[in-house]
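Coordinate inspection notes
Each chain is listed here by its residues.
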Amino acid sequence: MENKKKVAFAALCLSLLAACASLPQHVRNEVATDSGLVLIHQDKSLRLYERAGFDPARFGQFALERVEVQTDASLNAQQKNEQEKLGAELQAQLGKLITPHASTPRLRMDIRLQDIQPVSPALNMVSIVLAFVPLDTGAVTVETTYRDEAGTIQAHRIERLSGSVFNIKASFSEYGQHKLALSAWAQLCAMSAACLGKALSDE
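Residues numbered from 1 in each chain as written. Predicted model: local features only at pLDDT ≥ 70, side-chain atom pairs only at ≥ 80, totals over all residues. Heavy atoms only, no water.

Within the secondary structure, Gln79 is located in helix H2 (residues 77-97). Residue Gln79 is classed as partly exposed on the basis of its relative accessible area of 26%. Between the alpha carbons of Gln79 and Pro118 there is a distance of 9.2 Å; along the sequence they are 39 residues apart. (Helix = DSSP H or I, 4+ residues; strand = E, 2+ residues; numbered from the N terminus. Buried < 20%, exposed > 50% of the residue type's maximum accessible area, 1.4 Å probe, protein only.)

Here the focus is the confidence of the model for the chain. Model confidence for the chain is summarised by a mean pLDDT of 83, while 78% of its residues fall at 70 or above. Taking the mean pLDDT of every element in the chain, the minimum, 53, falls on helix H1 (residues 2-20) and the maximum, 96, on strand E5 (residues 139-147). (pLDDT = per-residue confidence, 0-100.)

Right, let's get into the nonpolar core. Judged by nonpolar contacts, the single largest core of 29 residues is most densely connected at Leu90, Ile111, Leu113 and Trp185. Contributions of two or more residues to this core are made by strand E3 (61-69), H2, strand E4 (106-117), E5, strand E6 (153-162) and helix H4 (176-189). Once you skip the residues sitting within four places of it in the chain, Trp185 turns out to touch Leu90, Met109, Ile111, Val142, Thr144, Arg157, Glu159, Leu161 and Ala190. (Core = buried A, V, L, I, M, F, W, Y, C linked by side-chain atoms within 4.5 Å. Contact = heavy atoms within 4.5 Å.)

Moving on to a nonpolar patch on the surface. On the surface, Met125, Ile168 and Phe172 cluster together into a nonpolar patch covering about 290 Å² of accessible area. Within the secondary structure, Phe172 sits in the loop between E6 and H4. (Patch = residues over 30% accessible without salt bridge, like charges linked within 9 Å, V, L, I, M, F, W, Y side chains within 5 Å. Areas by Shrake-Rupley, 256 points an atom, 1.4 Å probe, with all protein chains shown as cover. Salt bridge = Lys/Arg side-chain N within 4 Å of Asp/Glu carboxyl O.)

Turning our eyes to something else, we now look at the state of the cysteines. Should the sulfur atoms of two cysteines be covalently bonded, the bond is a disulfide. For the coordinates displayed, the defined rule picks out 1 disulfide. The partner cysteine of Cys189 in its disulfide is Cys195, sulfur to sulfur 1.6 Å. Given an S-S torsion of about -55°, the disulfide between Cys189 and Cys195 has left-handed geometry. Pair check on accessibility: Cys189 and Cys195 agree, each one buried. (Disulfide = S-S within 2.5 Å.)

For the rest of this paragraph, the subject is the packing of aromatic side chains. Evaluation of the coordinates by the stated rule reveals 2 aromatic pairs. Taken together, a centroid distance of 5.8 Å and an interplanar angle of 55° make the contact between Phe62 and Tyr146 tilted. With a gap of 84 residues between them, Phe62 in strand E3 and Tyr146 in strand E5 connect regions that are remote in the sequence. Assigned by exposure class, Phe62 and Tyr146 land together as buried. (Phe/Tyr/Trp six-rings, centres within 6.5 Å; stacked < 30°, edge-to-face > 60°.)

Next comes the structure, spelled out in structure tokens:
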């Protein structure tokens with residue numbers, strides 16, 4: 001009987017968390033269909049739009065414009081500060097990873113973090129007791145606009161990131177999972193064209 005309760009609890013948590021880790025049908029500020037971009041890839045956590053004929057290999061590097069955090073009006077001051085810190089830390093990391101050279105064509109990255117779903121440490125304490133893993137891994141939507149030197153949008157990537165059940169320590173912090181997920185995203189998407197074009201097939 002006890003095992004059945006554990007299984008039912010785990011199944012319920014997984015179904016709820018899977019919904020949090022999926023992109024909604026529409027994301028705030030998502031690229032308009034009349035912008036000249038075409039949807040070239042879509043799955044439950046990622047949508048990628050690109051301009052016809054866009055080839056990321058033509059650009060030798062990226063340059064960071066800004067990292068913006070959209071917070072919900074219902075958050076208190078501490079929660080808002082914690083979410084804004086995620087953006088500041090991501091911007092600092094990208095600043096270290098990206099070393100632009102003036103002679104190389106660049107794609108300029110404008111990043112927005114939104115729909116941030118904090119982890120529930122209390123839920124994870126219960127799930128570790130009943131299911132032996134922290135089931136709440138949090139989630140955040142990363143929306144990246146890529147512009148060329150003329151300011152024309154060449155690509156638009158919207159991705160829902162979540163943490164891992166193997167990050168035990170981070171699961172007892174509201175935003176520990178987010179920091180790890182965003183750090184991994186930065187290393188992938190700031191260092192190469194791995195987040196664009198045909199490289200998606202290798203993800």
